[in-house]
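Examination of the molecular architecture
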Amino acid sequence: MANIILGIESSCDDTSAAVIKDGYLLSNVIASQEVHRSYGGVVPELASRAHELNIVPVVSEALSRAKLKPEDLTAIAFTRGPGLLGSLLVGTSFAKAMGLALDIPIVMVNHLQGHLLASFIRQEGVEVREPKFPYLCLLVSGGNSQIVKVTSPLEFEILGQTIDDAVGEAFDKCSKMMGLGYPGGPIIDKLAKNGDPKRFKFSKPHVEGLNYSFSGIKTSLLYFVRDQVAIDPDFVEKNKEDICASFQTALIDILMDKLIKAAKQTGIKEISIGGGVSANSALRERMLLEARKRAWNVYLPEFKFTTDNAAMIAIAGYHHFLAGESTPLDVAPVSRMADF
Ligand code: KG4
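Position numbers for residues count from 1 along each chain, tracking the sequence in the order it is written. Residue-level local features of this predicted model are given only where pLDDT is at least 70; pairs of side-chain atoms are given and counted only at 80 or more, and the full residue set underlies all totals for whole chains, interfaces and linings. The basis for every side-chain value is the complete set of heavy atoms in the structure, and neither hydrogens nor water enter the calculation.

Section: the overall build of the chain
Operational definition: Every helix listed is a DSSP run of H or I at least four residues long, and every strand listed is a run of E at least two residues long, numbered separately from the N terminus. With C-alpha atoms as the basis for the radius of gyration, the globule rule is written as 2.2 Å multiplied by the number of residues raised to the power 0.38. Buried means the residue's accessible area, taken with a 1.4 Å probe over protein chains only, is under 20% of the maximum for its type, while exposed means over 50%, and partly exposed covers the values in between. Working rule for contacts: check all heavy atoms of both residues, and any pair within 4.5 Å makes them a contact. Computed by Shrake-Rupley with a 1.4 Å probe, the accessible areas treat only the displayed protein chains as cover when residues are assessed.
Check the secondary structure of the chain and you find 9 helices and 10 strands. By the compact-globule yardstick of 20 Å for 340 residues, the chain fits well, its C-alpha radius of gyration being 20 Å. The dimensions of the chain, computed from C-alpha atoms along their principal axes, are 65 × 45 × 40 Å. Taking all 340 residues of the chain together, the buried fraction comes to 54%. Once local pairs closer than 6 in sequence are excluded, the contacts in the chain between residues at least 24 apart make up 73%. Total accessible area on the chain is roughly 14,900 Å²; 54% of this is exposed by carbon and sulfur atoms.

So, the site of the ligand
Put simply, the rule is: Any residue with a non-hydrogen atom lying within 4 Å of a molecule or strand is treated as near it. Polar contact is the term for a pair of N or O atoms within 3.5 Å; when the atoms are in protein, one must be able to donate a hydrogen and the other to accept it, and sequence-neighboring residues count only if both atoms are side-chain atoms. Ten residues, namely Ala, Val, Leu, Ile, Met, Phe, Trp, Tyr, Cys and Pro, are considered nonpolar, four, namely Asp, Glu, Lys and Arg, are considered charged, and the remaining ones, Gly among them, are considered polar.
Looking at the ligand, there are 20 residues lining it, with Gly142, Asp172, Asp189, Gly276 and Asn280 nearest. Between an oxygen atom of the ligand and a main-chain N or O atom of Gly143, the distance comes to 3.4 Å. At a separation of 2.9 Å, a nitrogen atom of the ligand approaches a polar side-chain atom of Asp189. Isolated, the ligand exposes 550 Å² of accessible area, and the fraction of that covered by the protein chains is 87%. Only α3 (111-116), α4 (167-177) and α5 (184-192) provide two or more residues apiece to the shell around the ligand. Tallied by class, residues from the shell around the ligand come to 5 nonpolar, 12 polar and 3 charged.

Considerations on the pairing of strand β2 (residues 14-21)
Our working rule: DSSP calls a pair of strands paired once it identifies at least 2 bridges connecting them.
For β2, the tally of buried residues reaches 7 of 8 residues, placing the bulk of the element in the interior. Alignment of strand β1 (residues 4-9) against β2, held across 6 bridges, turns out to be antiparallel. In the sheet register, Gly7 faces β2, and the bridge partner there is Ala18. Hairpin connection, β1 to β2: the antiparallel pair is bridged by 4 residues.

Let's talk about the domain arrangement of the chain
So the rule is basically this: What marks off one domain from the next here is an automatic or database domain assignment. What gets called buried area is simply the loss in accessible area from a 1.4 Å probe that two parts show on being joined, summed for both. Salt bridges are identified by distance alone: a Lys or Arg side-chain nitrogen within 4 Å of an Asp or Glu carboxyl oxygen.
Here the chain is described as being made up of domain 1 (4-127 + 305-322) and domain 2 (135-303). Centre-to-centre, using C-alpha coordinates, domain 1 lies 27 Å away from domain 2. With 22 residues of domain 1 in contact, the opposing surface of domain 2 contributes 24 residues. Interface area, domain 1 with domain 2, both sides summed: about 1,900 Å², of which 62% is carbon and sulfur. If you sort the residues of domain 1 by the area they bury against domain 2, Leu112, Leu116 and Thr306 come out on top, with a joint share of 35%. Applying the counting criterion to the domain 1 and domain 2 interface returns 0 salt bridges. For the interface between domain 1 and domain 2, the tally reads 10 residue pairs in polar contact (both at pLDDT 80 or more).

Looking at helix α8 (residues 281-294)
Threshold: One less than the residue count of a helix, multiplied by 1.5 Å, gives the span that helix is expected to have.
Compared with an ideal rise of 1.5 Å per residue, which puts 14 residues at 20 Å, α8 spans 20 Å between its outermost C-alpha atoms and is within 8% of the ideal. Structurally, α8 contributes buried residues whose contacts are with β6 (135-140), α5, α7 (235-266), β9 (270-274) and β10 (297-299). The backbone nitrogen of Ala282 has a side-chain oxygen 3.1 Å away, supplied by the residue at the start of α8, namely Asn280. Following α8 by one or two positions, Ala295 has its phi on the positive side, about 55°.

Here we look at the environment of Trp296
With respect to the helices and strands, the residue Trp296 is situated in the loop between α8 and β10. Classification of Trp296 by relative accessible area gives buried; the value is 7%. Each C-alpha atom, one on Trp296 and one on Ser272, is 9.9 Å from the other, the two residues being 24 residues apart in sequence. Not counting chain neighbours up to four residues away, the residues in contact with Trp296 comprise Met256, Leu259, Ile260, Ala263, Lys269, Ile271, Glu290 and Ala291.

What about the pattern of salt bridges?
Counted according to the given criterion, the structure contains 18 salt bridges. For Arg37, the salt bridge identified is with Glu34, shortest N-O distance 2.8 Å. Note that Lys193 and Asp189 form a salt bridge whose closest N and O atoms lie 3.8 Å from each other. Linked through salt bridges whose partners overlap, the residues forming this network are Lys204, Asp253, Arg286, Glu290, Lys293 and Arg294.

Given below as structure tokens:
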């Protein structure tokens, strides 16, 4: 009998539901919340309310696109954390209620594990190209910057991580400082394409081992912009492409230095990336460049699987389900990784 898994993701500001049948994606619906744009960042209370409005239509749409009824489902996978607690509560409560009503198992998924396994989402008509275990994943998003060693679909080890801000936050704050809008990553990515990446220099952190730090470079940009604007009020407008290109290159250099170090230390040449920042075009190019230089096999997820989506939660849940796992109905969401 086929295993049909409904995935539910609600950890931050995207409400998403997806259906996976025996590892193959049938549907993936994402409702992004526009309400945060005018605030320049995600407002947790507004995110929870929007999830509450979106969850029923998003799940219905995912089932309808998959041409399935709720009774066809084998199990429901949901993001238990990490993320915003109010947002996670909506997805978790919905999964529990639906599992109870249908009398089918629910399976909790760590959001980060979803990003790690995004390369394993199979699609009809798309060539299967999956990393071999063990592989390294550079997990870069608005909340995380980590190098993770993935030994099997269910086993992973964090080799290094940020000691302060995430790299996505650095992109978002840079954009905010320059008055460019939110979320900053895609805006900076676009402007950087026409800029000179060598024009400005930003101080790089010195952090032990495979850990990262992005708070210093953010401050370095803040002082740089402040000082230049004091001399010429139009400095940002006149130079935004070069600032974006230089800042983005500095962030990518920081990420890649540690990833190269991790690959050398572990001897692993199977490398993937995941998380919202893995949509960055310059980072993807740099990964391919390093792959040629260092004989790495690099796996870049499709753009639709880089940002938060339920397809990755469904595929991770599928592997947990195959391993015989299910989650009791008294489960509660957790906001921090350490609580898993
Ligand atoms: O994984 P994600 O959707 O949400 C979580 O943080 O969980 O990641 C969002 C982050 C934001 O910081 C956004 O600015 C960044 O990913 N991002 C990008 C790009 N697209 C999204 N950063 C750089 N370049 C991009 N093209």
